[in-house]
Structures are given as structure tokens and as C-alpha cells.
Amino acid sequence: RWLRQHEYVEKLNMHGILSASAGQEQLLTELLVTYAKIPVLIGELISVEIWKYKVFPVLCRLEDFKPRSTFPIYVVLHHEASIINLLETVFFHKEICESAEDSILDLIDYCHRKLTLLAARHASRQAVTSGELRAQDLASPSSIQKQAETMEFEISLKALSVLRFITDQVESLPLSALTRMLNTHNLPCLLVELVEHCPWSCWEAGKLKKFENGVWHVVPPEDQVKMTKLDGQVWLALLNLLLSPECQRKYHFDGFNKSQLLKLRVFLTDVLIDQLPNLLEMQRFLSYLAVTDPVPPKKDLVLEQVPVIWDHILKKNSGKWEAIAKHQVKHTFSPTEEELKLQAHRWAQTYSLDMMEALAPDKPRCRVCGVEAAKRCSRCRNEWYCTRACQVQHWQKHKPACNLMA
């Protein structure tokens, strides 16, 4: 049943990407709003997040857990990435944000957790790209843990985009949502951290690398001052949270918050403002903030809503995580060879080749040498090669996955 639900989410995600690229996502957003599916997706998102933190580590520690394939575990980890990607695609629309209702508080908390992890990554400054890990790399729990870390980084970047779309709608958000972003989580200061440390860029061997569209790439010297999409998301979220009159009325500009926000002035260069002219208003606001002490917000006596999904799941399953892990090992993650082949066939139908090729931003490349490829494995049709020589060279590594998918 859960696998069927994952298939539906994955198909919605792929349909959303294709619809958005064609500017025709209105039908999908209307369906999600009409059938009240946004709160359901948020609940599912947080459920998988908790599974990843509470159950997955227990699975990896079990000495007697030696699965024939770890791909079923990978599918669960990938489920979170599929949902957050779908939400990123549709949250651009105001009606989607409003249809989240009370669960918007849970989504704000989720985004805050992901951005906190993202800000903590700046010490290492590098992440393995998902393209570096293939089916044969998913043969052990330790390898799947490495893949989970990679996916965590990319999921956090998606959460940044979702949060920015939420801040676009500050005027229509519940009062509790604004309070939670500004005071409970102090998101403006967290966003300053991201501007300051920029986890999606790093210097390696004297070259600047940036993470865009799922891969790290070297930035030519002439493009190093160019604003990326991720840079823009942070600045737009800051603009929404700091320049909105309602936000200014509710945010506490105390000594610490003020000093953190004023760090932004050094980044507001003429080159940056030329790329995003709205930042001129931010520059003026910070200049004003530097010479004034804004009035502290009034402490209104209000009944504040709180998120419930995270706490409900934790309380319901407290002390049961190891039992859940052992149950899932026995009934879910140790399929027979026949069950594995059946699941592989269903996944192959879900990730249809035509759909995947439509989603791919670049032409396929040879699995061995990396040049553009025009031939693919005739059995599983998943791997690409430029010549038969490359295919023969890669066969021993590709054979297990090919036998599974064929």
C-alpha cells in the first residue's frame, strides 16, 4: 500500500515538473487544493523525516540485517525528496499556501530544521552529488547512509525555496505562522547565516564551485559575482520578512538581532543590487536600522496555534523505534527475489524512460567515459554508452542491476 502511495507521489512530482516547465501547472494546483491534499503531503513529509532520524539509524546498526538489496530503503529516503520537490513546484501559488491551513506551521518548522542543518554544513563546504552514486553503490547500509547524507543536502535546498514561497504570502498567513517565523525560530538571523556562509558554494584547489541543478560545477572567473537561484531565494525571503510592515511590527530588533542583520550591508554591493534591484530597499532599510532603535513589539495576549504533526508522531511511537525497525526488516526490507523483481518492474513503470528523458536537463552521457551517448543497454534500457567497447567494459559492474531490472 505504501509503495503504491509513493508511486502516486512520484508521478505527481514528475507531472508537476513537466507542467511547470510548460507553464501549465494550474490544473495540478487546482486538484491539490480541491481535494485538500497539501496537509496530507506535509504530514507524509514529516513522517518520513522522523523515520529517517529515528528508525533508519537503528536499521543500519542491526547486525543481522543483511538485505539482498537496499533499494527498498532508498525508495523510502527518496520519498521525502519527492514530496519536498512537489511542494517546491506548487507553493509558488498563493492558493496552495492558503490550502495548507494549520499544517503550514508544521511546514515552517520543517523548513527551519532543514535550514539549520544547512547552516551547520558550512564547515565542510562540500557535498557528494547524487550523480556520483549509482545502483551498485547501494549494496550496503553504510553506502545508503552516504546517499542519505547527499539527499539531505539537496532536500534542505528545496526547503529553502519552499520557505521563500511561504514568505511571499506573509499578508495572508495565519498570525501564528508569522510569530513562529519571526520570534520562535528567528528566521531572519538564520537567513543571514546562509548569506554569510553560503553552503552551496566552496573553494576547491583554488577554484570556486557552486551547487546548481543537482551538481557541483566550477564557476568561471567572469561569473563568480553572478547571483545564483539559491542566493536569490535567500535574499527574497529576507526582503519579505524584513520589509513587510506587519513583520516590522512583530519582529524584535534587539541588540543581537540588529547586529546580525547589519552584517548584510557588506554583501549589498552595486553588482548584487544591479542583479536584484529590490535590494536597494533593503540597503535603505539597513542604513536606517543602523542609526535608530526600533520600538520593541507589543506583547499581545493571543491564543497561539502550535504545530502538532511532529509531536504527535513522536509521542505515539516513543520507545517503539527499535521494535518498528525490526518489524520493517522482517516484513518490508527483506523481500524475496521474486518480490524484488516485481517491485523493480513497478518502479520501472513509474520511472518510465520517456518521462525521465523529458525531465533530464542534458543529453544522456556514457556511463564509462562521460561523452554524449546515443546507445543504451538493450536489456534494462537504463544505462547509456557511446560505443560497444564502453558497454563491454562496464558489464561486470552493471550486470547485477541489469538482471534485476530486465
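Just above, that's the structure.
Remember, predicted model here, so these are calculated numbers, not experimental data.

Asker: How should the overall build of the protein be read in this particular structure?
Answerer: Summing up its helical and strand segments, the protein has 20 helices and five strands in all. Dimensions of the protein along its principal axes, counting C-alpha atoms only, are 70 × 55 × 45 Å. Expressed as a percentage of its 406 residues, the buried residues of the protein come to 47%. Pairs at least 24 residues apart make up 74% of the contacts formed inside the protein by residues separated by at least 6 positions.

Asker: So what exactly am I meant to see when it comes to a nonpolar patch on the surface here?
Answerer: A contiguous nonpolar patch, built from Leu27, Leu31 and Tyr35 and spanning about 340 Å² of accessible area, is present on the exposed surface. Within the secondary structure layout, Tyr35 lies in the loop between helix 2 (26-34) and helix 3 (38-54).

Asker: Please explain the packing of helix 10 (residues 187-197) against helix 11 (residues 229-243) as it appears in this structure.
Answerer: Contact geometry of helix 10 with helix 11 gives a least axis separation of 10 Å together with a crossing angle of 155°. The angle between the axes of helix 10 and helix 11 places the two elements in the roughly antiparallel class. Here helix 10 runs over helix 11; the crossing is left-handed. Contacts between helix 10 and helix 11 involve Leu187, Pro188, Leu191, Leu194 and Val195 from the first element and Val234, Trp235, Ala237, Leu238, Leu241 and Leu242 from the second. Taken together, the residues of the contact of helix 10 with helix 11 sort by class into 11 nonpolar, no polar and no charged.

Asker: Is there a simple way to think about the pairing of strand 1 (residues 201-204) in this case?
Answerer: Look at any regular strand and the pattern is simple: side chains alternate between the two faces of the sheet. Sheet topology note: the strand 1/strand 2 (residues 207-212) ladder contains four bridges and is antiparallel. Paired with Trp203 across the bridge in strand 2 is Leu208. Between the antiparallel neighbours strand 1 and strand 2 lie two residues, among them Ala205 with a positive phi of about 55°.

Asker: Just checking my understanding: could you explain the pattern of salt bridges for this structure?
Answerer: If charged atoms from side chains of opposite charge come close, those side chains can pair. Throughout the structure, instances matching the rule amount to 16 salt bridges. In this structure, Glu152 engages Lys114 in a salt bridge whose closest nitrogen and oxygen atoms are separated by 2.6 Å. Taken together, the residues span a long stretch of sequence, with Glu152 in helix 8 (residues 141-167) and Lys114 in helix 7 (residues 103-120) at a distance of 38 residues. The pair Glu152 / Lys114 is uniform in exposure class, with both members buried. A salt bridge links Glu204 to Lys209, with the nearest nitrogen and oxygen atoms 3.4 Å apart. Residue Glu204 is classed as partly exposed on the basis of its relative accessible area, which comes to 38%. Salt bridges sharing common partners tie together Lys52, Glu80, Lys114 and Glu152.

Asker: How do you make sense of the packing of aromatic side chains when you look at a structure like this?
Answerer: Aromatic ring pairs: the centre-centre distance and the angle between the two ring planes describe each pair. Tallied over the full model, the rule gives nine aromatic pairs. Measuring from centroid to centroid gives 5.4 Å for Phe211 and Trp216, while their planes differ by 65°, and the two rings are edge-to-face. For Phe211, a relative accessible area of 3% gives the class buried. With a centroid separation of 5.0 Å and 90° between ring planes, the pair formed by Tyr251 and Phe253 is classed as edge-to-face. For Tyr251, a relative accessible area of 2% translates into the label buried. Chaining the aromatic ring pairs together yields one cluster made of Trp51, Phe56 and Phe333. Above the plane of the ring of Trp310 lies Arg113, whose end atom (NZ or CZ) is 4.0 Å from the centre.

Asker: Help me out: how do you make sense of the nonpolar core in this one?
Answerer: In a soluble, globular protein the nonpolar side chains are often hidden away together inside. Ranked by size, the top nonpolar core spans 100 residues in total, and within it Phe91, Ile104 and Leu107 carry the most contacts. Considering every element that reaches this core, the biggest residue donor is helix 8, with 12 residues. For Ile104, the contacting residues outside a window of four places in its chain are Phe91, Cys97, Ile166, Leu173, Pro174 and Ala177. Membership of the second largest hydrophobic core comes to eight residues, among which are Ala373, Trp384, Tyr385 and Cys390.

Asker: For this particular structure, what's the right way to read the sheet that holds strand 3 (residues 215-218)?
Answerer: Strands belonging to one sheet form pairs held by backbone hydrogen bonds; the direction of such a pair is parallel or antiparallel. Read across the open sheet, the three strands follow the order 1-2-3; overall the sheet is antiparallel. A single partner strand is all that each edge strand has here, and the edge strands are strand 1 and strand 3. Neighbour-to-neighbour, the strand axes of this sheet turn through a mean angle of 30°, independent of strand direction. Both strand 2 and strand 3 contribute to a ladder of four bridges, which runs antiparallel. Bridge pairing in strand 3 links Lys209 to Val218.

Asker: Even after reading the chapter, I still don't get unusual backbone geometry, so can you show me in this structure?
Answerer: Most peptide bonds take the trans configuration, and most residues that are not glycine carry a negative phi. The backbone of Ala36 shows a phi angle near 50°, a positive value even though the residue is not glycine. Positionally, Ala36 belongs in the loop between helix 2 and helix 3. Of note, Cys198 is a non-glycine position whose phi angle comes to about 45°, a positive value. Position of Cys198 relative to the elements: it lies in the loop between helix 10 and strand 1.

Basis of the calculations
- Residues numbered from 1 in each chain as written.
- Predicted model: local features only at pLDDT ≥ 70, side-chain atom pairs only at ≥ 80, totals over all residues.
- Heavy atoms only, no water.
- Helix = DSSP H or I, 4+ residues; strand = E, 2+ residues; numbered from the N terminus.
- Buried < 20%, exposed > 50% of the residue type's maximum accessible area, 1.4 Å probe, protein only.
- Contact = heavy atoms within 4.5 Å.
- Patch = residues over 30% accessible without salt bridge, like charges linked within 9 Å, V, L, I, M, F, W, Y side chains within 5 Å.
- Areas by Shrake-Rupley, 256 points an atom, 1.4 Å probe, with all protein chains shown as cover.
- Salt bridge = Lys/Arg side-chain N within 4 Å of Asp/Glu carboxyl O.
- Axes fitted to C-alpha atoms, helices over the stretch in contact; angles between N-to-C directions.
- Parallel < 35°, antiparallel > 145°, perpendicular 65-115°, else oblique.
- Left-handed = near helix turned anticlockwise from the far one by under 90°.
- Nonpolar A, V, L, I, M, F, W, Y, C, P; charged D, E, K, R; others polar.
- Pairing = 2+ DSSP bridges.
- Phe/Tyr/Trp six-rings, centres within 6.5 Å; stacked < 30°, edge-to-face > 60°.
- Lys NZ or Arg CZ within 6 Å of the ring centre and 35° of its normal.
- Core = buried A, V, L, I, M, F, W, Y, C linked by side-chain atoms within 4.5 Å.

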